[in-house]
Amino acid sequence: MNDYQTNFDRFTLTTPLYYVNDVPHIGSAYTTIVADVIARFQRLQGRSVLLITGTDEHGLKIQRTAAETGLATQVHCDRIVDSFKSLWDKLNIKYDRFSRTTANNHQAIVNEFFQRVWDKGDIYLARQQGWYCVSCEEFKEERELTTDKCCSIHVNKPVEWRDEENYFFRLSKYQQYLEELYSKRPNFIQPTSRRNEILNFVNRGLQDFSISRVNVDWGFPLPVDPKHTIYVWFDALLGYVTALLEPGEEPTLANALSKWWPIDLHLIGKDILRFHAVYWPAMLASAELTVPKTVFGHGFLTKDGLKMGKSLGNTLDPFSLVDRYGADAVRYYFIKEIELGKDGDFNETRFINTLNADLANDLGNLLNRTLGMLRKYCQGNGPQLSQADFDREHPLKKIGIELGDRVSQNYMSFKLSQACEDIFALIRASNKYIDDSAPWSLFKQGKQAEVEQILYAVLESVRLTAYLLSPVIPNLSNSIYQQLGFTGDFNRIDEGDEKQLEFALHSQWGKLAANQNLGKASPIFAKLELPE
Ligand code: MSP
């Protein structure tokens, strides 16, 4: 068991709170899909889960974008928020909280937290001089800039010089605290490559950072000096805390932290790791609050080998991708084809080939032809067998009996692509098994019992696959489960269907009952064509 999880009844996880400077792009969709898959797996295991997503709406970047559109800033934010919510619906993301930093209850949480840090003596006024990247909302060191004075991520947006009085947070005071945290909790930052980046950064010596702005109106006034607004990152990280409040509950830290704290997992992209793995735990330590269990920094998506972004004009519209191919297809591609933690490429030909090979052919065709044979050779009745009729060395049972544990460990340690690989090993073995054992000729030879054995073993392997893949492709899993005569809805695990789909029973090979009442067969995934 990965030591990031110590509470076995509940699991709290977050995506970043996305900037509302624009409608969501595929990068935001990627993080949110991954978070949803992890959340669904945790629910499948019977835990209470709180999946938090939301939007980061304050700061200069948003203030300027809204000004360019000519809309009132809040109206602009509301519009973009709608587009995020509609994308999450399209992608079948089951989030529990949508945290907006402009929500009514957020300011009280920010103020109370600020007061704690202030009372600790960790905030002071000083002069801030330096280069500021508005797109990152972050000061950059001279050596981090390109020759055109841009940061490495926003290569066409030059940084701006700042020379102003700001309030600072004493990050440097927490140097030793953080070093100890990283060494005592080696899994706090994952994956290891990202952890090493942070260790190097912290080893160079931490500098205090400014947490107020004088030239930005779009933010909360600083409680101790309202000429300043609170720095967008200080406010945004606390959006995770505000999200923990029950609807309508009085916004106090005590209420927010009473049930779902500490957060088990912050899932973020690698560019915002410092905020989550350095600034955030130091802020929490200052306020004397427990730090989260794990921060996982995933890689960037590239398209045809180039980093995806507006500056290169090679972004992918997630809305049209889902409209064209469906939610499960998009979810499956990103989970299976990208090793979580590494950069990953999107290429439409590869996208189509992967889906056709795995979902249409290997899985979909296997189910379809096996059900077809059952109709032909067994009058459509489920075989009169159960798993006890197969010895341990049976080629499919052998893989199937240890698959649940193996896949479970993969999901728990963020090896999502490996989970898909392992599950598909069973499907590929099933295809080979059916081809090698040729039930069509056994039927002609009158070997009915052998035919039934083969069909049972294959259908049961397809069922187990559908179950274990349900966090990734819940709609396809539902369709397979219905065809195999099971009840329960993978989209309603936390709404009463968890009993019918209990992990301990369904993750074992052999759940298919003797004489199972099968549902109506229909193809689960139509082959995709490459667009012209
Ligand atoms: N508002 C901050 C987060 C505050 S969390 C308290 C922010 N927002 S963002 O909208 O700019 O980015 C959100 C996430 O999208 C980041 O984790 C970032 O890494 C991710 N991505 C942005 N472009 C991406 C790709 N091309 N590929 C994958 N993820 C990328 O930062």
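Everything quoted here is computed from the prediction, not taken from an experiment.

Caption draft 1: Inspection of helix α3 (residues 73-90) at higher detail. Along its 18 residues, α3 runs 26 Å from first to last C-alpha, staying within 8% of the 26 Å computed at 1.5 Å per residue. Listed in full, the buried residues belonging to α3 are T73, H76, C77, I80, V81, S83, F84, L87 and W88. Viewed end-on, α3 has its buried residues packed into an arc of 160°, placing them on one side of the element. In this structure, α3 carries R79, D82 and D89 as exposed residues pointing more than 90 degrees from its buried face. Immediately downstream of α3, the backbone of N92 shows phi near 60°, a positive value.

Caption draft 2: Region of interest: the sheet that holds strand β8 (residues 209-210). The strand order across the open sheet built from 4 strands is β5-β4-β6-β8, with neighbouring strands paired in antiparallel fashion. The open sheet has two edge strands with one neighbour each: β5 (138-140) and β8. Pairing between strand β4 (residues 123-133) and β5: 3 bridges, direction antiparallel. Across the sheet, the residue bridging to W131 is K140, located in β5.

Caption draft 3: Examining the side chain of R47 more closely. Mapped onto the elements, R47 comes out in the loop between α1 (26-44) and β2 (48-56). Of the side chains bearing the opposite charge, D9 lies closest to the buried R47, which forms no salt bridge; the N-O distance is 6.7 Å. Side chain to side chain, R47 and Q42 meet in a polar contact 2.5 Å long.

Caption draft 4: Broad picture of the state of the cysteines. Enumeration according to the criterion identifies 0 disulfides in this entry. Summary of cysteine pairing: C136 is not part of a disulfide, and the nearest cysteine sulfur, belonging to C133, is at 3.8 Å.

Caption draft 5: Looking closely at the site of the ligand. Taken together, 21 residues are adjacent to the ligand, and L17, D56, G269, D271 and L301 come closest. Here L17 contributes a backbone N or O atom positioned 2.8 Å from a nitrogen atom of the ligand. In the model, a nitrogen atom of the ligand is placed 2.7 Å from a nitrogen or oxygen of the D56 side chain. Out of a free accessible area of 660 Å², the ligand has 92% covered by protein chains. Going through the elements one at a time, β1 (10-19), α7 (232-237) and β12 (265-269) are the ones with two or more residues in the shell around the ligand. Considering each element in turn, the shell around the ligand owes the most residues, 4 residues, to β1. Classifying every residue of the shell around the ligand gives 13 nonpolar, 6 polar and 2 charged.

Definitions and limits used
Residues numbered from 1 in each chain as written. Predicted model: local features only at pLDDT ≥ 70, side-chain atom pairs only at ≥ 80, totals over all residues. Heavy atoms only, no water. Helix = DSSP H or I, 4+ residues; strand = E, 2+ residues; numbered from the N terminus. Expected span 1.5 Å × (residues − 1). Buried < 20%, exposed > 50% of the residue type's maximum accessible area, 1.4 Å probe, protein only. Arc of directions from axis to C-beta. Pairing = 2+ DSSP bridges. Lys, Arg positive; Asp, Glu negative; His and termini not counted. Salt bridge = Lys/Arg side-chain N within 4 Å of Asp/Glu carboxyl O. Polar contact = N/O pair within 3.5 Å; in protein donor to acceptor, adjacent residues only side chain to side chain. Disulfide = S-S within 2.5 Å. Near = heavy atom within 4 Å. Areas by Shrake-Rupley, 256 points an atom, 1.4 Å probe, with all protein chains shown as cover. Nonpolar A, V, L, I, M, F, W, Y, C, P; charged D, E, K, R; others polar.

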